[in-house]
Structures are given as structure tokens and as C-alpha cells.
Amino acid sequence: MQARVDSVAEVLRRGGVVAYPTETFYGLGALVRDAAAVRRLAGLKGRPDGKPLPLVAGDRAQVDAVALLDSAADRLAAAFWPGPLTLVVPARAGLPPELGAGTGTIGVRISGSEIARALALAAGAALVSTSANPAGAPPPARPEDLDPALRARLDAVLDGGPAPGGAPSTVVEVNAGVARLVRQGVVPFEEVLAALRREGR
């Protein structure tokens, strides 16, 4: 598997757009600071303008390279990462505009998928992570479920076998120490609030 990961990581470093498994479904990936690749990915996805593109990171250093976490976000990261909690926090300067859709924020998590983390680490930076389906279509759990027209336009597919599917990541915005639920997913928001109360003592 590591050889496959390294091969797809090289495609990413050359500006490619790929599909890879996450902790739920297969996602589309491009390197976070490769503006041309991010723009191309957004076009392949058919994502509406104004809808941000989240990221997955291999480790905390990759998160800190693209995002600014305050003490509350830092406590949530320690409690839930690696795992399916996406934190929406202030973005560092110089990121492709499609990622934050003009909000000045970025959604990021350290993935619960060992393969996704390995790919980000091998590629050297956080990756875009949006489900590998045209907007409005069901997300694929296996490489063979990828939309044929979409797959034909990708530069590589990292086949990690079937992804587990299930609920998406919970998305929580953290601003000035206050957590706000953006999307309920696999992590109950009550657990997020409880972690903040517990860690804040």
C-alpha cells in the first residue's frame, strides 16, 4: 500500500487531482496551495460558487501550516483528532480562494483514515477533501463506484479497497472560543460542547 500511496503523492506534487479513500467515502484531492489544481478540482466537482472546500491533514504541523487554532479549537483538536470532526477556523494567508469561498476561514481535520493521513504526509501538505462525486450524486464507497466521466478526468485513483461509508464528519466553527454547529455528522455536537467544558477547567 505504501508504494501506491507514494505514487499518488507524486501525482499530487505534480499538480494532479486524484481520488482517495477517507474514513467515510472516497474523496477528491489536490494539494492545498496548488491554486490551479484546486480550481480544476472545483470544476470537476461542479461545486456551486460560494461553497467552501474542506481539507484533511496528515498531522498537526500540516494543520498549522494552513489554519490558526485558538485555545478552544486546540482543545477540540486534541480531543477528537485523528477523527471525523472538521473545525472551521481562521485561514492563513495565501490559500486558493475556492477553499474558503471568501469567508477567511478554512475547514480542516486530521483524518481518521490511515490511508488519507499517509497520502497527505507523503505529498507534503494538507489535501482538499470533498466527496468524489459530481455535485448532487451519491458519494462512492469503492473506486469502481466513481462516476465514469469524472474518473476519466482524474490523474490517479488511490485504491484502498472499500471505504466504510456512513455519516460525514461533524463540522464545527470555532470563533473567539465559541463553538457553533455547521453540520451534524458522526460526532454528536453535545460531545463537542462537553469536551470544551471538560478541557476548559
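The numbering scheme is per chain: residues are counted from 1 as the chain's sequence reads. In keeping with the predicted nature of the model, local features appear solely for residues at pLDDT of at least 70, side-chain atom pairs appear and are counted solely at 80 or more, and the whole-chain, interface and lining totals rest on all residues. Only hydrogens and water are set aside; all other atoms, that is, all heavy atoms of the structure, feed into the side-chain values.

Caption draft 1: Examining the nonpolar core more closely. Ranked by internal contacts, the top residues of the largest apolar core, which has 47 residues, are Leu76, Trp81, Leu87 and Leu99. Helix numbers and strand numbers start at the N terminus; a helix is a DSSP run of H or I with at least 4 residues, a strand a run of E with at least 2. Elements represented by at least two residues in this core include exactly strand E2 (26–29), helix H2 (35–45), strand E3 (55–57), helix H4 (71–80), strand E4 (85–90), strand E5 (105–110), strand E9 (170–175) and helix H8 (189–199). Look past the residues within four positions of leucine 76 in its chain and what remains in contact with it is Trp81, Leu85, Leu87, Val174, Val192, Ala195 and Leu196. In terms of nonpolar packing, the next biggest core, distinct from the first, is built from 16 residues, Val5, Val8, Val11 and Leu12 among them. Joining through side-chain atoms within 4.5 Å is the link that ties buried Ala, Val, Leu, Ile, Met, Phe, Trp, Tyr and Cys residues into a set, and such a set is a nonpolar core. Per-residue accessibility, obtained with a 1.4 Å probe over protein chains only, is compared with the maximum for each type, and a residue is labelled buried under 20%, exposed over 50%, and partly exposed between these values. Contacts are assigned to residue pairs with any non-hydrogen atoms lying within 4.5 Å of each other.

Caption draft 2: Geometry of the sheet that holds E9. Any two strands with at least two DSSP-identified bridges between them are counted as paired. In spatial order, the strands read E6-E3-E5-E4-E9-E10; together these six strands make up an open sheet with mixed pairing. Because the sheet does not close on itself, it has two edges, and the strands there are strand E6 (127–128) and strand E10 (178–183). Pairing of E3 with E5 involves three bridges; the strand directions are parallel. Within E5, the residue paired with alanine 57 across the bridge is isoleucine 110.

Caption draft 3: Structural detail: H2. Of all the residues in H2, the buried ones are Ala37, Val38, Leu41, Ala42, Leu44 and Lys45. End-on view of H2: buried residues confined to an arc of 160°, all on one side of the axis. Elements in contact with the buried residues of H2: E2, helix H5 (97–100), E6, strand E7 (130–131) and helix H7 (148–152). Just downstream of H2 lies glycine 46, where phi reads positive at about 70°. This arc describes the spread of directions from the helix axis toward the C-beta atoms.

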